[in-house]
Amino acid sequence: MKALITAGGHGTRLRPITHTQNKHLIPIANKPILNYALEYVREAGISEVGIITNQEGDEVKEVYGDGAQLGLRLTYIPQERPAGLAHCVKIAQPFLGDEPFVFYLGDNIIVGGIKRFVDEFEKQATNCHLVLAKVPDPERFGVPEVRHGRILRVEEKPARPKSDFAVTGIYIYDATIFEAVHSIRPSARGELEISDAHQYLIDKGRKVTYSEITGWWKDTGKPADLLEANRLVLDNIRSEISGTVDEQSSISGRVILAKGASVSKSSICGPAIIGSGTRIENAYIGPYTSIDANCHIRNSEVEYSIILDECSILDQSIRISDSLFGKNVSLKKTIAKPCTNRFIIGDQSQIEIR
């Protein structure tokens, strides 16, 4: 079995972060989102992986190379333009051949990995195995109509969903999927929809089965999703203090403090993770906070936030919460007169001040 993972697209709902960074490389608990997908397929016993990338970008290849550091063999498959998930499968056919494969959307995170779904696919000897999850907003996803344990229809982003299930970004196929992706036509938005491929298989009498996620699953398409995924991942960490903590500081709960990080005159309340080279001085770091490498937090309070590397947050009198900082961001108190707020803000940013 092989795996096909998406790592392209433009991440428009995550701008301005994605103006300068592939969304699949944004860290969750200080680890790129794509790492989770790669680790899941490796844990399922799969070593040969194709990665769908943007035509113009080599960011993912620069990070992962041939995959040897993860115990994988990676092949990069550029997609000229976003043309739908079924198009991803279509252009990957030369790589996938006739083998069954896992198709995994690289911005999805799930507790417990995917091995159990692979095992179910093999046990049921099915043509297509979908993974479903109950969601509050099914109209954002492909929605299955399920009756008596069978999937009757799959509709892409319906205005009136027929169930509260979403088809998650985890699919397992045999080679019959290629007949489907070559037979369907582009949707009204000009894309080859994976839901249409699933419906094709159902209409042709192919065996389409499903599993339901009983734990948590997250599609990290929006900033709030990233923060929630970060919370869910941090809820499962184990404490590891490799950095330095002075006697005037306190650490409670599950905290990962990387080697080279330092905490002085501060309080850290986990779950939280602090990257190498980061300095925390006279500060409070609250639950569900991820701070990447080489940051500086001084005289400030931060909680339920994701701070990417090389950021500085200095002398802030109001606690920072529910926030996402890109790389090399500086937030500091001004000492100049007159006392004003000064901003350098990119496109599609969101600022809330008091």
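The structure under discussion appears in the preceding block.
Description of the structure in this document. Sequence order as written defines residue numbering, which begins from 1 separately in each chain. Thresholds applied to this predicted model are a pLDDT of at least 70 for local features of residues and 80 or more for the giving and counting of side-chain atom pairs; totals over whole chains, interfaces and linings are not thresholded and use all residues. Each side-chain value is worked out from all heavy atoms of the structure, with water and hydrogens disregarded.

Moving on: a nonpolar patch on the surface. Among the surface-exposed residues, Ile 241, Val 245 and Ile 251 lie close enough to one another that they form a single nonpolar patch of about 210 Å² accessible area. Here Ile 241 lies in strand 14 (residues 240-241). Relative accessible area decides the class of each residue, using a 1.4 Å probe on protein chains only: under 20% of the type maximum gives buried, over 50% gives exposed, and in between gives partly exposed. When its relative accessible area of 43% is taken as the criterion, Ile 241 is described as partly exposed. Grouping into patches uses exposed residues only, defined as over 30% relative accessible area, and leaves out salt-bridged ones; the cut-off is 9 Å for like charges and 5 Å for nonpolar side chains (Val, Leu, Ile, Met, Phe, Trp, Tyr). Accessible surface is estimated by sampling points in the Shrake-Rupley manner with a 1.4 Å probe; for residues, cover comes only from the protein chains shown. The rule for a salt bridge is simple: a side-chain nitrogen of Lys or Arg has to be within 4 Å of a carboxyl oxygen of Asp or Glu. Every helix listed is a DSSP run of H or I at least four residues long, and every strand listed is a run of E at least two residues long, numbered separately from the N terminus.

Okay, the environment of Pro 136 next. Relative to the helices and strands, Pro 136 is located in the loop between strand 8 (128-134) and strand 9 (142-147). As for Pro 136 and Asp 164, which are separated by 28 residues in sequence, their C-alpha atoms are 6.9 Å apart.

The subject of this paragraph is the packing of helix 6 (residues 176-183) against helix 7 (residues 194-203). The axes used here are C-alpha line fits, helices contributing only the stretch in contact, and every angle between their N-to-C directions lies in the interval 0 to 180 degrees. Orientation of helix 6 relative to helix 7, taken along the N-to-C sense of each, is 115 degrees, at an axis distance of 9 Å. Crossing of helix 6 against helix 7: the hand is right-handed. When helix 6 is examined against helix 7, the residues Thr 176, Ile 177, Glu 179, Ala 180, Val 181 and Ser 183 are found in contact with a partner set consisting of Ala 197, Tyr 200 and Leu 201. Grouping the constituent residues of the contact of helix 6 with helix 7 by class yields 6 nonpolar, 2 polar and 1 charged. The handedness criterion is simple: a crossing whose near helix is rotated anticlockwise from the far helix by less than a right angle is left-handed, and one whose near helix is rotated clockwise is right-handed. It only takes one pair of heavy atoms within 4.5 Å for two residues to be counted as in contact. Any residue outside Ala, Val, Leu, Ile, Met, Phe, Trp, Tyr, Cys, Pro, Asp, Glu, Lys and Arg is labelled polar, Gly included; the first ten of those are nonpolar and the last four are charged.

Before going further, it helps to spend a moment on the pairing of strand 8. Judged by how many residues are buried, strand 8 sits mostly within the fold: 6 of 7 residues are covered. Strand pairing follows a simple DSSP-based rule, namely that at least 2 bridges must link the two strands. Inspection of the sheet shows strand 8 paired to strand 11 (residues 165-173) by 6 bridges, in the antiparallel sense. Bridge pairing links Leu 132 to Val 167 in strand 11. Pairing geometry for strand 8 and strand 12 (residues 208-212), over 5 bridges, is parallel. Each bridged residue has a counterpart across the sheet, and for Val 131 the counterpart in strand 12 is Ser 211.

Attention now moves to the pattern of salt bridges. Once their charged atoms are close, side chains differing in charge can pair, the charge on each being opposite to the other. Taken as a whole, this structure holds 17 salt bridges when the rule is applied. Across the pair Glu 99 and Lys 2 runs a salt bridge, and its minimum N-O distance is 4.0 Å. With a gap of 97 residues between them, Glu 99 in the loop between helix 4 (93-96) and strand 6 (101-105) and Lys 2 in strand 1 (residues 2-6) connect regions that are remote in the sequence. Linking Glu 193 and Arg 189 is a salt bridge whose minimum nitrogen-to-oxygen distance equals 2.6 Å. Given a relative accessible area of 6%, Glu 193 falls into the buried group. Note on Arg 189: relative accessible area 47%, which makes it partly exposed. Three or more residues joined by partner-sharing salt bridges are found here, namely Lys 2, Glu 48, Arg 73 and Glu 99.

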